[in-house]
Amino acid sequence: MLFFRLRFQVFRLKLRWDKIIQKILELLVQRWLLKGDSLFNYFNKTQPYLRQKKQTILEQSSGRKVIFFTFRTLHFLDFFAPIDLALNHFFPEKYDVFYIDFSTTVHRIGKGFGYLQFRQEVEERLLQLNISPLRHFSHDELAEYKSFPEASVHVTCESIRQETFSVADRIYLPHYVLPKAIDLDLPKNIKFNHVFLPTRPPYSYRQLNDKSSADLERLKEDLHIHHVGYPKLQAASSPVSCFPDSDHPVVLYAPSLEISLLFNALDRGLLKIFKKMSQCNFVIKLHPSLASRRHYVTAFIRQEIKGLEHVRFDELSGVQNLVGESSLMITDFGSVGGEYRLGFGKPVVFLKIPAEYEGGSDLLFRDDFADAICEVEDLENVIITALKKGPLSDSKLQDMRQQVLSFSGDADEEAARTINEICSAC
C-alpha cells in the first residue's frame, strides 16, 4: 500500500513540474509574442469568420425567448442538452439557448492552453449531443459581441460565484438523480426559484421528504418545485466501442469523486483484479470532474494500465455513450449507479464504503436495487455472478422507475414543457 502511494506521489511531482514548465512557456508566449494578450483572446482574434457566424446567431435571437445554461465542467452539458433539443422539437423557433462556460475560473483549466483544450472538448461533446457549438461562449468573451441578448430563463447545475446575470426565473437542475448524504437539503449556494426535481420520496431531498416539515412550508412560499424526472436519461448518445474486436463482456468502473475511496480501492488490489480477469474487458470511467479538471490521478491510472489490452481508460465519453457496449457497472456511492440502473436496467455492483457516506438517497437506492454490495477483495466472484443475471426485464425496469423517479415518462419533454410554462407566465 505504501509503495503504491509513493509511486503516485512521484508521478504527481513529475506532472506538477511539467505544468510549471508549461506555465512558464505560456507566460513567455503571452508577454513576448502576444504583447500581453491571453492565448484565448488571441485565438478569438484569429477566428473572424467564426465570430461573425456567432454574431449572426445572436442577432437572429431577436423576438425569441432566450435561455442561458451556465457551467464550468464538461459533463454538465449532458444534463441540459436533451432539454434544449426537446424545446427545439416541441416549440420550434420560439427559444434560443446559449451555453456559457465559466471554466476559466477553474484553477486547473485557466485561460491558457488548458482552456483551449477544454473548449475543444466542449465542442466535441456538443456535436455528440446534436447541439451546434456556435451556441457556446466563454463568459470572458461576451462583451466582445454587440448587444448580447438578455435571458428570460437561467438554468444551472452548480454554484458559480462569478455568474452575475440579471434573470428573474432561475432553474436549478440537479446534476445527479439521487442526492448523497452531503446533499440532504437543496443547495443554499445557488440562486434559484425553480427546481426540476428528479426523484420522489424517499429518494429525494430530506427537506422535501418530510411533508410536515415547517422548512418545507417556507420553501413552498419562495420556490416552485417541478416534478420532471431526470432529463439526462434522454440524452442523445453516440455509442463508443472501446473493444470493437472482442466478444468479452465489458465492465464499467465508475467511482465517485471521493479520491480517498478511489485510492482505498486501488490500494486493496482493484487494478490487479482487472488485470487478472482477462475474460472480461474493463473501462475505467472516473468522475468527470476529475477528468475535466485535469486531476493528476487520471494520468497516473493511465500509466498503471499502460500495455493492457483488456483495460481501457475513457475521459471524454459520457456514461450513456458507453452503455451499449457495457454489461455491468462497478461504483462506490453517489448517483452514477442509480443513473445506470434506472436508465438501462443493467446490473450494478457497489463497493462497501465507510459509514460516514451512508444516509443519502443514493445508498437507499443501493440497498433497494443493487445487484451486489461487496468488498474489493470479493469483486472477481461478484462480477461473474452479476454478469449472469443480465439486465432487468422491461416491466421490472418500468416498475423501478415509477417507484423512484418523480416523472417516469420522457423527462426531457416534460422539462421543455415546464420551461415553456415558466416563460409564458413572465
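The structure this text deals with has already been given above.
Model, not experiment: these values are computed from the prediction. (Residues numbered from 1 in each chain as written. Predicted model: local features only at pLDDT ≥ 70, side-chain atom pairs only at ≥ 80, totals over all residues. Heavy atoms only, no water.)

(A) Focus on helix α5 (residues 113–128). For α5, with 16 residues, the first-to-last C-alpha span of 23 Å sits near the 22 Å given by 1.5 Å per residue. Along α5, the residues that are buried comprise Gly114, Tyr115, Phe118, Arg119, Glu121, Val122, Arg125 and Leu126. Viewed along the axis of α5, the buried residues span an arc of 165°, placing them on a single side of the element. A positive backbone phi angle near 65° is found at asparagine 130, which sits one or two residues after α5. (Helix = DSSP H or I, 4+ residues; strand = E, 2+ residues; numbered from the N terminus. Expected span 1.5 Å × (residues − 1). Buried < 20%, exposed > 50% of the residue type's maximum accessible area, 1.4 Å probe, protein only. Arc of directions from axis to C-beta.)

(B) Region of interest: the packing of aromatic side chains. Evaluation of the coordinates by the stated rule reveals 23 aromatic pairs. A centroid spacing of 6.3 Å and a plane angle of 50° characterise the contact between phenylalanine 76 and phenylalanine 79, whose relative ring orientation is tilted. Cluster of aromatic residues (ring-pair linked, three or more members): Phe68, Phe98, Phe102, Phe137, Tyr145, Phe148 and Phe165. Residue placement shows arginine 51 over the ring face of tyrosine 145; its charged tip is 6.0 Å from the ring centre. Lying over the aromatic face of phenylalanine 137, lysine 54 brings its terminal NZ or CZ to 4.5 Å of the ring centre. (Phe/Tyr/Trp six-rings, centres within 6.5 Å; stacked < 30°, edge-to-face > 60°. Lys NZ or Arg CZ within 6 Å of the ring centre and 35° of its normal.)

(C) Summary view of the packing of helix α4 (residues 77–90) against helix α17 (residues 411–424). Packing of α4 against α17 leaves a shortest axis separation of 8 Å and a crossing angle of 65°. Put simply, α4 runs roughly perpendicular to α17. For the crossing formed where α4 meets α17, the hand is right-handed. Contacts between α4 and α17 pair Phe80, Pro82, Ile83, Ala86, Leu87 and Phe90 from the former with Asp412, Glu413, Ala415, Ala416 and Ile419 from the latter. Looking at side-chain class alone, the contact of α4 with α17 contains 9 nonpolar, no polar and 2 charged residues. (Axes fitted to C-alpha atoms, helices over the stretch in contact; angles between N-to-C directions. Parallel < 35°, antiparallel > 145°, perpendicular 65-115°, else oblique. Left-handed = near helix turned anticlockwise from the far one by under 90°. Contact = heavy atoms within 4.5 Å. Nonpolar A, V, L, I, M, F, W, Y, C, P; charged D, E, K, R; others polar.)

(D) Spotlight on the sheet that holds strand β2 (residues 95–101). The strand order across the open sheet built from 7 strands is β3-β2-β1-β4-β5-β6-β7, with neighbouring strands paired in parallel fashion. With one partner strand each, in any of the chains shown, β3 (136–138) and β7 (224–227) form the two edges of the open sheet. On average, each strand axis in the sheet is tilted by 25° relative to the strand beside it, whichever way the strands run. By the bridge criterion, 3 bridges tie β2 to β3 in an arrangement that is parallel. Directly across from aspartate 101, in β3, lies its bridge partner serine 138. Sheet strands touched by α4: β1 (65–71), β2 and β4 (153–156). Its angle to β2, the strand with the most contacts, is close to 165°. (Pairing = 2+ DSSP bridges.)

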